[in-house]
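# Remarks on the overall topology
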Amino acid sequence: MKRALFPGSFDPLTLGHYDIIKRGVPVFDEIIVAIGVNADKKYMFSLEERIKFIEDAFAHEPKVKVVSYTGLTVDFCKELGIEFILRGLRNPADFEFEKAIAHTNRDLAPIETVFLLTSASTSYIASSIVRDVIRNNGDYTKLVPDNVRVKK
């Protein structure tokens with residue numbers, strides 16, 4: 001069984017994340033969307049909200065599971081017996097950053113990173129941009145799945 005971990009903070013889930021997960025479904029038998037928890041980071045959305053955003057967005061897809069974790073992603077993969085990490089690439093800067101992490105992970109454990117290029121229509125979307133649009137009362141709804149809504 002080919003299982004992949006798709007790690008991130010998903011604060012919030014964007015259409016870019018959604019696209020990578022959706023396109024990864026035919027490649028893997030199971031995709032575990034893993035929300036990394038960093039005690040030093042300030043999140044806009046609670047862990048519970050982020051889990052619900054992802055679960056609701058993929059309620060129709062039994063191959064997608066959602067969990068949270070702390071610590072190194074590679075250690076979490078080893079704990080779950082997962083051999084693949086799924087990552088999306090938007091631009092050359094993403095590639096350089098993700099390449100360094102992939103090489104480090106492979107040094108630490110026998111885990112391969114699989115990269116999917118983001119779709120052209122979502123390549124500009126980043127969670128940090130979405131959060132900035134939300135903070136400034138902009139129309140963020142074009143950047144996130146329909147179920148991701150800010151409570152007013």
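Remember, it's a predicted structure, so these values are computed and weren't measured experimentally.

Between the first and last C-alpha of helix H4 (residues 92-108) there are 25 Å, a value that for 17 residues agrees with the 24 Å anticipated at 1.5 Å per step. Of the residues making up H4, those classed as buried are Asp94, Glu98, Ala102 and Asn105. Taken around the axis of H4, the buried residues stretch over an arc of 65 degrees, which confines them to a single face. Of the residues in H4, the exposed ones pointing more than 90 degrees away from the buried face are Pro92, Ala93, Phe97 and Asp107. Residue Asn91 occupies the N-cap position of H4, its side-chain oxygen lying 3.1 Å from the main-chain nitrogen of Ala93.

Next up on the list: the layout of surface pockets. A water-sized probe rolled over the atoms picks out the places where empty space is left. Of the volumes computed, that of the largest pocket is approximately 1,100 Å³. Along the wall of the largest pocket there are 40 residues; nearest its centre are Pro7, Gly8, Arg87, Phe97 and Glu98. Every element with two or more residues in the lining of the largest pocket is listed here: strand S1 (3-8), helix H1 (15-24), helix H3 (73-80), strand S4 (84-89), H4, strand S5 (112-117) and helix H5 (127-135). A per-element tally of the lining of the largest pocket places H4 first, with eight residues. In the lining of the largest pocket, the residues fall into 17 nonpolar, 17 polar and six charged.

Take unusual backbone geometry next. With omega at 0 degrees, the peptide bond leading from Asp11 into Pro12 counts as cis. Positive phi is not limited to glycine here, since Phe10 has a value of about 50 degrees. As for its position among the elements, Phe10 is in the loop between S1 and H1. Residue classification places Phe10 among the buried residues on the basis of a relative accessible area of 2%. We note that Asn137 has phi near 60 degrees; this positive angle belongs to a residue other than glycine. As for its placement among the helices and strands, Asn137 is situated in the segment after H5.

Moving on to the UniProt feature "binding site: substrate" (unreviewed entry) in the protein. Here the UniProt-annotated "binding site: substrate" (unreviewed entry) positions come out as Ser9, Lys41, Thr73 and Arg87. The subset of the named residues that lines the largest pocket consists of Ser9, Lys41, Thr73 and Arg87. Tracing the sequence through the fold places Ser9 in the loop between S1 and H1. The exposure class assigned to Ser9 is buried, which follows from its relative accessible area of 19%. Contacts of Ser9, omitting those with residues within four sequence positions, involve Ile35, Gly36, Lys41, Tyr43 and Arg50. In this structure, Lys41 sits in the loop between strand S2 (30-36) and helix H2 (47-57).

Turning to the nonpolar core, a few remarks are in order. Of all hydrophobic cores here, the largest spans 29 residues; its most connected members are Leu13, Val33, Ile54 and Leu86. Elements with a contribution of two residues or more to this core: S1, H1, S2, H2, strand S3 (64-69), S4 and H5. What Leu13 contacts, discounting residues up to four positions off in sequence, is Tyr18, Ile21, Phe53, Ile54, Ala57, Val144, Pro145 and Val148. Counting residues in hydrophobic clusters, the runner-up holds eleven residues, among them Leu5, Tyr69, Phe76 and Ile85.

Conventions and cut-offs
- Residues numbered from 1 in each chain as written.
- Predicted model: local features only at pLDDT ≥ 70, side-chain atom pairs only at ≥ 80, totals over all residues.
- Heavy atoms only, no water.
- Helix = DSSP H or I, 4+ residues; strand = E, 2+ residues; numbered from the N terminus.
- Expected span 1.5 Å × (residues − 1).
- Buried < 20%, exposed > 50% of the residue type's maximum accessible area, 1.4 Å probe, protein only.
- Arc of directions from axis to C-beta.
- Polar contact = N/O pair within 3.5 Å; in protein donor to acceptor, adjacent residues only side chain to side chain.
- 1 Å grid on protein atoms, 1.4 Å probe; cavity = no way out; pocket = protein on both sides within 12 Å on 5 of 7 lines; lining within 4 Å.
- Points joined across faces, edges and corners; volume = space filled by probe spheres on them.
- Nonpolar A, V, L, I, M, F, W, Y, C, P; charged D, E, K, R; others polar.
- UniProt positions renumbered as here; feature names shortened; annotations may be inferred.
- Contact = heavy atoms within 4.5 Å.
- Core = buried A, V, L, I, M, F, W, Y, C linked by side-chain atoms within 4.5 Å.

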